[in-house]
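Breakdown of the fold
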Amino acid sequence: LSTSTHKLVWFRDHALRIQDNEALHTAITETDENGSIQPFYLWQSSAKDATYPNPVNTQTGGTARDVFTATALKSLNQTFHGNLAVGLLDSSPNECQATSIAKELVHICKSSNLNEIFYQRSYNDEVENVIAKELEKNGIDARVFSSYTLLDYENRQVPWEKIVLDDPWRSPLIPYVEYVQDTIEEEGLKPVLDIDDCSLKKASCADIALTCPCDVDELNEKVGITPGNTEWGKSIVKEWPADEISAQKALTNFLDSLEQKEDDDAKKTTHLASLLSPYLARGLISPKQVYSGIKSVVKERDVGSIVRRICWRDYAYAVAKLFPNVVKGEPIRDGYDAVHDGVDLEEEEQQKRLDSWKEGRTGFPLVDSGMRELVATGYMPQKVRLACSTFLVEGLGLPWRAGMQHFAEFLVDYDEVINSNMWQNSACVGLDPYYMGMNYKRRQYWDKEGDYVRKWCPELTSLPDSIDIEVGKTTKTIDCLYEPWACPPEILEKCEIELGVTSRICDERQTRSDYFAKVRMERSKWPATKIDDKKRDFVQLGDIARIGMFTPRAIQLKRIRD
Ligand SMILES: Cc1cc2nc3c(=O)[nH]c(=O)nc-3n(C[C@H](O)[C@H](O)[C@H](O)COP(=O)(O)OP(=O)(O)OC[C@H]3O[C@@H](n4cnc5c(N)ncnc54)[C@H](O)[C@@H]3O)c2cc1C
């Protein structure tokens, strides 16, 4: 046991919680009645996010996750009875983020005469190694714990070879999820760690030497740090209460909704969203708490789908360990350099299309609904994210990284690992067959009754669901709500819908065809060794294996070069 009477507990973006926080739990357990703990957090505005060159939205002054994090800190501070110390991290532009963090930690420990620090590590080995080395070099004892995923990847060798080679024609995702579930079944999960109010009294506000201390209550007011004091910021705060009780409530509500829908046939086709993502992303709830919660409450019910989704999270992190540069926007599949920038467009046209996508006025109702919901609430359901991202790439012919960056600014659940993985999948340069094609016109796919589009595109509310029109000897059904451009003019007029509002920003079918032609052209330059005997891209998984990955038929080549 440590002899130090005062212990530093460093709270980080992926674990802003008290419960099931091993670092905090251990520090408290090892502190006797004469000692105390000092919880602290280092704020780094996403303005300085190293992942993207300039992720700060100019309209809002910050990102949705900044707002959420700032609110979560307020709540954390209240739980610690005002004893959470917050410092602003001032990283120099020439220094990597990890180095700035490491230097500040050393500064805090040295100036406060403390030699022990407890924290939850992130998935990012590069960052963690820099921090750990610097602490070690300075004689500071780092007590590091890991809980960002269900399985502890720091102490486990993932059997990738077995996972991918057992069935090399599938995506690793499916066998990976099985692997996570089987491992939990065999080994069990560590118990969830509870902390009572009494233990929290061990937290005190020592005089720790933060380089740039910041009052947590004033954080929201600081211009340029977080837009919490703008109307937009306030609406995000209202939409997403950022505290642990709300996270638990989201889980309970979700479990209740599963129960209510048990006998409902719609359950089979409706994707039930838990709305847990912001809480998981900022660690207000741990994946273990979610998994255990589901398993303990819903024993008899089919919870396979939600359990699988929690395991997808693990998968995304496991992929990021194999391909660390995925979060920096480096594609997993190589050989697509010429297509990362989309189809060939004039700069002005490209900007026009991008703005229309961001602002939800492309003229494609499902896409516009999703993009409007994103900006208004910081959230978008999974299937709509897939539709909007694929549409940006294929329907608008725009660079996928521009879409990824926009999501990084506006998603309240922004998770650099999941976001970058999923954008790569939408651009077909990632590791999975998440590819959904151009699904933006398929109401069955997501929004059977059309409620979603009617909510976010109120200008279309008066349109009938569908109409039948005679084309020669056949009858054609037009989905007016999802394809307003295909509506006969008299219907549009009757519904008082101006074509200007609903006309499409571009001919998406032409763009898609141009885009695929460009991709095929790029692939035609590849040597035959890059493509497997099923015409799919070979992807090298580290030094483990080379596997043929799902490749959409539209970009497969009829003949492959020798
Ligand atoms: C282009 C694109 C970008 C995305 N960016 C993010 C992001 O930045 N942050 C994020 O949390 N999710 C992201 N997702 C994944 C997914 O859309 C969200 O996790 C989900 O919609 C969140 O809603 P929920 O909590 O109700 O999810 P549920 O469907 O209830 O799932 C429960 C949890 O499982 C995890 N999960 C669900 N889907 C995935 C997935 N595909 N990959 C990994 N984990 C998953 C999440 O933690 C989620 O909260 C993205 C998806 C796409 C297509």
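Structure first, text after, so check above.
So, a few notes on the structure that sits alongside this text.

About the criteria used
- Residues numbered from 1 in each chain as written.
- Predicted model: local features only at pLDDT ≥ 70, side-chain atom pairs only at ≥ 80, totals over all residues.
- Heavy atoms only, no water.
- Core = buried A, V, L, I, M, F, W, Y, C linked by side-chain atoms within 4.5 Å.
- Buried < 20%, exposed > 50% of the residue type's maximum accessible area, 1.4 Å probe, protein only.
- Helix = DSSP H or I, 4+ residues; strand = E, 2+ residues; numbered from the N terminus.
- Contact = heavy atoms within 4.5 Å.
- Near = heavy atom within 4 Å.
- Polar contact = N/O pair within 3.5 Å; in protein donor to acceptor, adjacent residues only side chain to side chain.
- Areas by Shrake-Rupley, 256 points an atom, 1.4 Å probe, with all protein chains shown as cover.
- Nonpolar A, V, L, I, M, F, W, Y, C, P; charged D, E, K, R; others polar.
- Patch = residues over 30% accessible without salt bridge, like charges linked within 9 Å, V, L, I, M, F, W, Y side chains within 5 Å.
- Salt bridge = Lys/Arg side-chain N within 4 Å of Asp/Glu carboxyl O.
- Lys, Arg positive; Asp, Glu negative; His and termini not counted.
- Charge placed at Lys NZ, Arg CZ, Asp CG, Glu CD.
- Pairing = 2+ DSSP bridges.
- Phe/Tyr/Trp six-rings, centres within 6.5 Å; stacked < 30°, edge-to-face > 60°.
- Axes fitted to C-alpha atoms, helices over the stretch in contact; angles between N-to-C directions.
- Disulfide = S-S within 2.5 Å.
- Expected span 1.5 Å × (residues − 1).
- Parallel < 35°, antiparallel > 145°, perpendicular 65-115°, else oblique.
- Left-handed = near helix turned anticlockwise from the far one by under 90°.

Comments concerning the nonpolar core
In this structure, Leu24, Tyr176 and Trp357 are the most contacted members of the largest nonpolar core, which totals 144 residues. Looking at this core, the element that brings in the most residues is helix α14 (residues 304–322), giving 11 residues. In this structure, Trp357 is in contact with Thr362, Val367, Met371, Cys388, Phe391, Leu392, Leu396, Gly403, His406, Phe407 and Trp423, ignoring residues within four places of it in sequence. Listed in part, the 22 residues of the second largest apolar core include Trp10, Ile101, Ile108 and Ile140.

Notes on the site of the ligand
Taken together, 28 residues lie around the ligand, and Ser274, Leu275, Ser277, Arg309 and Tyr379 are the ones closest in. Between the ligand and the protein, one listed contact pairs an oxygen atom with a side-chain N or O atom of Gln382 at 3.0 Å. Against a free-state accessible area of 820 Å², the protein chains account for coverage of 99% of the ligand. For the shell around the ligand, the secondary-structure elements that each account for two or more residues are α12 (277–281), α14, α17 (382–395) and α19 (416–426). With five residues, α14 is the largest single contributor of residues to the shell around the ligand. Partitioned by chemical class, the residues of the shell around the ligand number 17 nonpolar, six polar and five charged.

Structural notes on a negative patch on the surface
Together, Glu178, Asp182, Glu185 and Glu186 line one region of the surface with negative charge. Inspection of the secondary structure assignment puts Glu185 in helix α6 (residues 173–187).

Details of the pattern of salt bridges
Side chains that carry opposite charge are capable of pairing whenever their charged atoms lie near each other. Applying the stated rule across the entire model yields 26 salt bridges. Across the salt bridge formed by Arg12 and Glu128, the nearest N and O atoms sit 2.9 Å from each other. On the criterion of sequence distance, the pair formed by Arg12 in the loop between β1 (6–11) and α1 (22–29) and Glu128 in helix α4 (residues 125–137) is long-range, its members being 116 residues apart. Looking at Glu128, the relative accessible area reads 4%, which means it is buried. With a shortest N-O distance of 2.8 Å, Arg353 and Glu349 are connected by a salt bridge. Placement of the pair is Arg353 and Glu349 together in helix α15 (residues 347–359), with a separation of four residues, close to one helical turn. By relative accessible area, Arg353 is classed as buried at 8%. Overlapping salt bridges bring together Lys7, Glu30, Glu116 and Arg143 as one network.

Structural notes on the pairing of β1
In terms of burial, β1 is a largely internal element, six of the six residues being buried. With burial as the criterion, each face of β1 is covered, one bearing His6, Leu8 and Trp10 and the other bearing Lys7, Val9 and Phe11. Relative to strand β2 (residues 36–43), β1 runs parallel, the two being bridged by six bridges. Residue pairing in the sheet places Val9 in a bridge with Pro39 of β2. Here three bridges tie β1 to strand β4 (residues 116–120), and the two strands are oriented parallel to one another.

Concerning unusual backbone geometry
A positive phi angle is found at Asp20, which is not glycine, with a value near 50°. With a relative accessible area of 4%, Asp20 lands in the buried category.

What to know about the packing of aromatic side chains
Within the structure shown, the criterion is met by 18 aromatic pairs. Measuring from ring centre to ring centre gives 5.0 Å for Trp10 and Tyr119, while their planes differ by 70°; the resulting arrangement is edge-to-face. One end of the pair, Trp10, is in strand β1; the other, Tyr119, is in strand β4, and 109 residues separate them in sequence. Between Trp240 and Tyr279, the ring centres sit 6.5 Å apart and the planes meet at 65°, which makes this aromatic pair edge-to-face. Residue Trp240 is located in the loop between α9 (231–239) and α10 (244–260), and its partner Tyr279 is located in helix α12; the two are separated by 39 residues in the primary sequence.

Quick notes on the sheet that holds strand β3 (residues 85–88)
An order of β5-β4-β1-β2-β3-β6 is seen for the six strands of this open sheet, with the pairing classed as mixed. Of all strands in the sheet, those bounded by a partner on one side alone are β5 (141–145) and β6 (213–214). Each of β1, β4 and β5 touches α4; the most contacted strand, β4, lies at about 170° to it.

A look at the environment of Thr5
Position of Thr5 among the secondary structure elements: in the segment before β1. For the pair Thr5 and Asn34, spaced 29 residues apart in sequence, the C-alpha separation works out to 6.8 Å.

Some points on the state of the cysteines
Under the defined criterion, the tally for this structure stands at zero disulfides. No disulfide involves Cys495; its sulfur sits 7.1 Å from the nearest other cysteine sulfur, which is in Cys487.

Quick look at helix α2 (residues 64–79)
Between its first and last C-alpha, α2 extends 23 Å over 16 residues, near the 22 Å set by a 1.5 Å rise per residue. Taken across its 16 residues, α2 has 13 buried, putting it largely inside the fold. With its phi angle positive at about 55°, His81 sits one or two positions after the end of α2.

With respect to the packing of α2 against α9
Their axes nearest at 9 Å, the elements α2 and α9 cross at an angle of 60°. As far as their axial angle goes, α9 and α2 are oblique. Here the hand of the crossing between α2 and α9 comes out right-handed. Every residue of α9 that contacts α2 at Ala64, Val67 and Thr71 is listed here: Trp232, Gly233, Ile236 and Val237.

Quick word on helix α3 (residues 97–111)
In an α-helix, one turn spans 3.6 residues; hence positions three or four apart end up facing the same way. Counted at 1.5 Å a residue, the expected span for α3 with its 15 residues is 21 Å, and the 21 Å between its end C-alpha atoms agrees. Looking at α3, one finds that the buried residues are Ala98, Ser100, Ile101, Ala102, Glu104, Leu105, Val106, Ile108 and Cys109. Against the buried residues of α3 lie β1, β2, β4 and α4. Asn113, located one to two residues past α3, shows a positive phi value of around 60°.

Brief notes about the packing of α17 against α19
For the pair α17 and α19, interaxial distance at closest approach is 9 Å and the crossing angle is 55°. In this view, α17 runs oblique relative to α19, as classed from their interaxial angle. Considering the relative orientation of α17 and α19, their crossing is right-handed. Touching Gln382, Leu386, Ser389, Thr390, Leu392 and Val393 of α17 are Met422, Trp423 and Ser426, all from α19. Its residues assigned to classes, the contact of α17 with α19 comprises five nonpolar, four polar and no charged.

Notes on the environment of Asp217
With respect to the helices and strands, the residue Asp217 is situated in helix α8 (residues 216–219). Given the relative accessible area of 47%, Asp217 is considered partly exposed. With 143 residues separating them along the chain, Asp217 and Lys74 place their C-alpha atoms 6.4 Å apart.

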